[in-house]
Amino acid sequence: MTNLAALADRYADIKAEIEGLTRLLNEVKDEIKAAGREEIVGTRAVVTLGLSERNTLDPKLVRTLLTDEQVASCTKTALVETIRVKAIVPVTTV
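The following refers to the structure shown.

What counts, and where the lines are drawn
- Residues numbered from 1 in each chain as written.
- Predicted model: local features only at pLDDT ≥ 70, side-chain atom pairs only at ≥ 80, totals over all residues.
- Heavy atoms only, no water.
- Helix = DSSP H or I, 4+ residues; strand = E, 2+ residues; numbered from the N terminus.
- Rg over C-alpha atoms; globule rule 2.2 N^0.38 Å.
- Buried < 20%, exposed > 50% of the residue type's maximum accessible area, 1.4 Å probe, protein only.
- Areas by Shrake-Rupley, 256 points an atom, 1.4 Å probe, with all protein chains shown as cover.
- Patch = residues over 30% accessible without salt bridge, like charges linked within 9 Å, V, L, I, M, F, W, Y side chains within 5 Å.
- Salt bridge = Lys/Arg side-chain N within 4 Å of Asp/Glu carboxyl O.
- Expected span 1.5 Å × (residues − 1).
- Polar contact = N/O pair within 3.5 Å; in protein donor to acceptor, adjacent residues only side chain to side chain.

Considerations on the overall build of the protein chain
When you go through the protein chain residue by residue, the secondary structure sums to 3 helices and 2 strands. Secondary structure of the protein chain in N-to-C order comes out as α-β-β-α-α. For 94 residues, the compact-globule formula gives about 12 Å, and the C-alpha radius of gyration of the protein chain, at 23 Å, lies well above that figure. Expressed as a percentage of the 94 residues in the protein chain, the buried residues total 3%. For the protein chain, the exposed surface amounts to about 9,800 Å²; the carbon and sulfur share of it is 57%.

Some remarks on a nonpolar patch on the surface
A surface patch of nonpolar side chains, about 260 Å² in accessible area, is lined by Tyr11, Ile83 and Val85. With respect to the helices and strands, Tyr11 occurs in helix α1 (residues 4–35). Judged by relative accessible area, Tyr11 falls into the partly exposed class, the value being 33%.

Quick look at α1
Taking 1.5 Å of rise per residue, the 32 residues of α1 would be expected to cover 46 Å, and the 46 Å separating its terminal C-alpha atoms lies within 8% of that figure. Sitting at the amino-terminal end of α1 is Asn3, which places a side-chain oxygen 3.0 Å from the backbone nitrogen of Ala5. Count one or two residues on from α1 and you reach Gly36, which has phi positive near 70°.

What about the environment of Arg44?
Within the element layout of this structure, Arg44 appears in the loop between β1 (39–41) and β2 (46–48). Taking relative accessible area as the criterion, Arg44 reaches 81% and is therefore assigned exposed. Distance in space between the C-alpha atoms of Arg44 and Glu31 is 18 Å, their sequence separation being 13 residues.

A look at the environment of Gln70
Here Gln70 is to be found in helix α3 (residues 68–73). Its relative accessible area of 37% is what places Gln70 among the partly exposed residues. Residues Gln70 and Ala45, 25 residues apart in the sequence, show an inter-C-alpha distance of 49 Å.

In structure tokens form, the structure reads like this:
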């Protein structure tokens, strides 16, 4: 695709569609959780609900326990590419 304007618009359209689908998916997830069943059998799919524990490291607590140098020695730096999108609001003249 050589038209950069079309590329930007396509990105925005796909992103908006994904956000809408994600919202719908989250609503269905909430319904599944509310059903309180470990397994729901449909005609095309079986959905299972599991519960597990996850351990996470509290960075604020770590900073109170370690020196700045110790925190720095345990810190990794990574490059992150970010794509942001915002709608162009047409200018209206009165």
